[in-house]
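Report on the structure
Chain by chain, the residues:
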Amino acid sequence: MASGTLSRQDALSCVGCRHACHILLYADTEAQLFEETPIRHILLMQMRFDGLLGFPGGFVDPSVETLEDGLSRELWEELGFSLSVTVDDHVNSCHTPSSSQLVAHFYARKMEEREIREVEKAAATTATDHGHEVMGMVRVPLYTLKGGRGLPNFLSHSFIGNCRCQLEDALLRFGLVPREELEMALQQAEQRRSQP
Ligand code: AMP
Ligand code: MN
């Protein structure tokens, strides 16, 4: 297990901890940007009410429902899409940097491109949280074009909690971006953030 991460079971045995569950939904795609740059994969994140980027999900009370049932409920509210999350979708759990009493559980589910489009459609139409807790879904650009356009610029935005780390980890774990490309993009993002 990577340093700083807990097993799902150890995380659940934390006395007095609150639990937050979030998920990465992603799909492969053959689509190209400007008919030349492969988009490769569609990854969904969201613009939150507080202006930060994050993954769909939220607080779950394990004394009331399982982590996975709670996450499925959150997804119904935020995406208007019924997705039954299971333990098989669990990626990792960790104490958040903001508070050791808050445990962040991260999940991922690979879908078909057609299903991702359905999620996006429902999130903007029937989801009860649309325009309230969630301002809209966004796709993560995975390519790097001249001048840091694409992934470097995306990574220079502000993210909730440790979700930028969750994103970086998932990009490598699921082979969505080569390591050298990600490292380069992170450097460029840092340069952009430190520009006056
Ligand atoms: P939410 O209801 O989605 O805002 O999430 C519940 C709590 O988890 C909030 O206090 C957020 O600050 C925190 N949070 C949201 N996303 C993440 C994340 N990816 N990693 C760590 N904490 C998060
Ligand atoms: Mn949420």
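Residues numbered from 1 in each chain as written. Chains lettered and ligands numbered in written order. Predicted model: local features only at pLDDT ≥ 70, side-chain atom pairs only at ≥ 80, totals over all residues. Heavy atoms only, no water.

Named according to an unreviewed UniProt entry, the chain is U8 snoRNA-decapping enzyme originating from Umbra pygmaea. Entered under Sequence similarities (unreviewed entry) in the UniProt record, the comment concerning the chain runs "Belongs to the Nudix hydrolase family. NUDT16 subfamily." (UniProt positions renumbered as here; feature names shortened; annotations may be inferred.)

**With respect to the coordination of the manganese ion (ligand 2)**
Tetrahedral metal sites with four donors have an ideal angle of 109.5 degrees; octahedral sites with six donors have ideal angles of 90 or 180 degrees. For the manganese ion (ligand 2), the full set of protein donor atoms is Gly 57 (O) and Glu 78 (OE), and the range of their distances to it is 2.2 to 2.3 Å. You can see Gly 57 sitting in strand β7 (residues 57–60) and its partner Glu 78 sitting in helix α2 (residues 67–79), a full 21 residues away along the chain. The two residues Gly 57 and Glu 78 agree in class, both being buried. (Donors = N, O, S within 2.8 Å, 3.2 Å for Na, K, Ca; no water. Helix = DSSP H or I, 4+ residues; strand = E, 2+ residues; numbered from the N terminus. Buried < 20%, exposed > 50% of the residue type's maximum accessible area, 1.4 Å probe, protein only.)

**Looking at the packing of helix α5 (residues 163–173) against helix α6 (residues 179–194)**
The geometry of α5 relative to α6 is characterised by a closest axis approach of 10 Å and an angle of 155 degrees between their N-to-C directions. With respect to each other, α5 and α6 are oriented roughly antiparallel. Remark: the crossing between α5 and α6 carries right-handed chirality. For the pair α5 and α6, the contacting residues are Arg 164, Glu 168, Leu 171 and Leu 172 in the first and Arg 179, Leu 182, Leu 186 and Glu 190 in the second. (Axes fitted to C-alpha atoms, helices over the stretch in contact; angles between N-to-C directions. Parallel < 35°, antiparallel > 145°, perpendicular 65-115°, else oblique. Left-handed = near helix turned anticlockwise from the far one by under 90°. Contact = heavy atoms within 4.5 Å.)

**Details of unusual backbone geometry**
Even without being a glycine, Phe 34 presents a positive backbone phi close to 50 degrees. Residue position: Phe 34 is located in the loop between β3 (32–33) and β4 (37–38). Using a relative accessible area of 61% as the deciding quantity, one classes Phe 34 as exposed. Here Glu 35, not a glycine, exhibits a phi torsion of approximately 60 degrees, which is positive. Counting through the fold element by element, Glu 35 comes out in the loop between β3 and β4.

**Quick notes on the site of ligand 1**
The immediate surroundings of ligand 1 are formed by 13 residues, with His 22, Arg 48, Asn 162, Cys 163 and Gln 166 found nearest. Arg 48 places a side-chain nitrogen or oxygen 3.0 Å from an oxygen atom of ligand 1. Within the side chain of Asn 162, one N or O atom sits 2.4 Å away from a nitrogen atom of ligand 1. For the shell around ligand 1, the secondary structure elements donating two or more residues are β2 (18–28), β7 and α5. The element that contributes the greatest number of residues to the shell around ligand 1 is β7, accounting for three residues. (Near = heavy atom within 4 Å. Polar contact = N/O pair within 3.5 Å; in protein donor to acceptor, adjacent residues only side chain to side chain.)

**Quick look at the pattern of salt bridges**
Within the structure shown, the criterion is met by 14 salt bridges. Here Arg 73 and Glu 74 are joined by a salt bridge, their closest N and O atoms 3.5 Å apart. The class of Arg 73 is partly exposed, set by a relative accessible area of 30%. Given a relative accessible area of 9%, Glu 74 falls into the buried group. Arg 73 is the salt-bridge partner of Glu 77, the closest N and O atoms lying 3.6 Å from each other. Separated by four residues within a single helix, Glu 77 and Arg 73 lie in helix α2, roughly one turn from each other. Judged by its relative accessible area of 25%, Glu 77 falls in the partly exposed class. (Salt bridge = Lys/Arg side-chain N within 4 Å of Asp/Glu carboxyl O.)

**Things to note about the UniProt feature "domain: Nudix hydrolase" (unreviewed entry) in the chain**
Cross-referencing UniProt, the feature "domain: Nudix hydrolase" (unreviewed entry) maps to residues 16–169 in the present numbering. With 25% helix and 32% strand, the stretch residues 16–169 has end C-alpha atoms that lie 27 Å from each other.

**Some details on the packing of aromatic side chains**
For the structure shown, the criterion picks out three aromatic pairs. With a centroid separation of 5.1 Å and 55 degrees between ring planes, the pair formed by Phe 55 and Phe 106 is classed as tilted. Residue Phe 55 is located in the loop between β6 (53–54) and β7, and its partner Phe 106 is located in strand β9 (residues 102–110); the two are separated by 51 residues in the primary sequence. Like Phe 55, the residue Phe 106 is buried in the burial classification. Over the ring of Phe 59 we find Arg 18, and its NZ or CZ is 4.0 Å from the ring centre. (Phe/Tyr/Trp six-rings, centres within 6.5 Å; stacked < 30°, edge-to-face > 60°. Lys NZ or Arg CZ within 6 Å of the ring centre and 35° of its normal.)

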